[in-house]
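# Understanding the architecture of this molecule
The chain contents come next:
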Amino acid sequence: MAARAARKRPVEYSILYTATLCLLAFGAVMVYSASSAESLLSGPGDPSYYLKRYLMYGLVGLVVMHLTSRHGLKLIRAATPILLIGSFVLTVAVMLPGLGVTINGATRWLGAGPLQFQPSELLKVSIVLYAAQVLSTRPKTTQSFKGLVSPLLIVVAVACLLLLKQPDMGTALVICLAIGTLLIAAGTPIRLLGTIFGTLLVLALIVALLEPYRRARMTSFLDPFSDAGGAGFQAVQALTAIGSGGEFGVWLGESVQKIFYLPEAHTDMILAVIGEELGLVGIMGVIGLYGMLGFAGLRAAKLARDLHAKLLAAGITSLILCQATLNVFAVLGMAPLTGVPLPFLSYGSTNLVVLMGAMGLLLNVAATGGQARRAGKPRLEAIEGGRDAEDRDRRGRHGGARRAGSRDR
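A quick note: this is a predicted structure, and the numbers were derived from the prediction, not measured.

### Here we look at the overall build of the chain
Scanning the chain from terminus to terminus reveals 13 helices and three strands. Taking all 409 residues of the chain together, 47% fall into the buried category. A separation of at least 24 residues holds for 73% of the contacts in the chain among residues at least 6 apart in sequence. As displayed, the chain offers around 19,800 Å² of accessible surface, 66% of which is attributable to carbon and sulfur atoms.

### Remarks on the confidence of the model for the chain
Per-chain confidence: the chain averages 86 in pLDDT, with 88% of residues scoring 70 or above. Of all secondary-structure elements in the chain, the lowest mean pLDDT belongs to helix α13 (residues 371-408), at 42, while helix α10 (residues 270-303) reaches the highest, 97. Note on residues 370-391: pLDDT is under 50 here. Beyond four places in sequence and across chains, it has 13 contacts.

### Description of the packing of α10 against helix α11 (residues 307-331)
Relative to each other, α10 and α11 sit at 165°, their axes nearing to 9 Å. Relative to α11, the element α10 is oriented roughly antiparallel. Our pair here, α10 against α11, has a crossing hand that is left-handed. Counting all contacts with α10, which are made through L271, A272, Y290, L293, G294, G297, L298, A301, K302 and L303, the residues of α11 involved are K310, A313, A314, T317, I320, L321, A324, N327, V328 and V331. Partitioning the contact of α10 with α11 into residue classes produces 14 nonpolar, four polar and two charged.

### Overview of the pattern of salt bridges
Per the counting criterion, the structure on display carries six salt bridges. For the salt bridge of K52 with D46, the shortest nitrogen-to-oxygen distance reads 3.0 Å. On the accessibility criterion, D46 (22% relative accessible area) is partly exposed.

### Quick look at the nonpolar core
L152, L293, L312, L342, F344 and M359 are the most contacted members of the largest nonpolar core, which has 101 residues in total. Discounting chain neighbours no more than four positions away, the residues touching L312 are L73, I76, L129, A132, L361 and V365.

About the thresholds
Residues numbered from 1 in each chain as written. Predicted model: local features only at pLDDT ≥ 70, side-chain atom pairs only at ≥ 80, totals over all residues. Heavy atoms only, no water. Helix = DSSP H or I, 4+ residues; strand = E, 2+ residues; numbered from the N terminus. Buried < 20%, exposed > 50% of the residue type's maximum accessible area, 1.4 Å probe, protein only. Contact = heavy atoms within 4.5 Å. Areas by Shrake-Rupley, 256 points an atom, 1.4 Å probe, with all protein chains shown as cover. pLDDT = per-residue confidence, 0-100. Axes fitted to C-alpha atoms, helices over the stretch in contact; angles between N-to-C directions. Parallel < 35°, antiparallel > 145°, perpendicular 65-115°, else oblique. Left-handed = near helix turned anticlockwise from the far one by under 90°. Nonpolar A, V, L, I, M, F, W, Y, C, P; charged D, E, K, R; others polar. Salt bridge = Lys/Arg side-chain N within 4 Å of Asp/Glu carboxyl O. Core = buried A, V, L, I, M, F, W, Y, C linked by side-chain atoms within 4.5 Å.

The following block contains the structure:
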């Protein structure tokens, strides 16, 4: 039975599952490579400290992914309001004195010691799930700005304000981009989309220019080498690492920049270590895996059976791709640094487990819709066709008998 079920799984499911496992396996290798030296010399003294934790949270994520891939889609409609409210409560709790944990000037975590949780990671997934539910149950809301404001845009705005307070502008940008992609998938008119995106762009520029450190990041992005020892230090070190790698890299474990030169080498900047050790080939391999996720996820959305499943698959796919795109652009010097981790590759317990759970929902849509439905249609048509043939044959026999009886009379 298990082998038969595996054969019936559509190609989208197989691509999503394979690409996710490849990213996890590659992430384990690169987290160890990027963190071992610093962990040994200035950390806990164990070169495999972050590898062990990555593997532990990866196993938890795999369990969550398999659970949501089997049963998540049935429960997600009822669970979405609970997840949204819970994530908002936890995000507010981060800012309460004595509860939030501050690291590198940002208060984004709850917990103590090695057991820390980042509520913003759960918040961004909850908002995408909520948006998919709202847009599927009220499809007419996408036709006017007023219709979008009350059920959706107010919730997104409040979430972004809470994230900016932490501060965490990177996650706020990921949420806005994912919701924008979801609005496109829901059929929002181009003129309305232009108005929303234009307003968000102006607000993002104002927010970036108001804070001194964000303003420094903006100016260092334009010319990081003008302040290579200050605001542009991390960008310069990332570009140096990628440039040192060339086409094929210096090989695994041989990176120099990761040792006290490149900040956050095993988290936000892991792509720079990949570029130095595996070169352009390694970076293109990572982009190719995300391309596979994007292709299979959007195709699963296209082939899904109902509007909610379509939007849910499109929202989760866009969330992963938007986060990956922001990270890749920042590391390559094509966008300001935002502190967004690379999905499934960067070290980060909450981000890994939450995204694995979201991937399980996407796998559920891919397994139950699209190819599975199309595979069932021919069997149904064959059964109906067989019944029609039997009816025609039966009518033919009865008609022949009646004609024969009339000739006998």
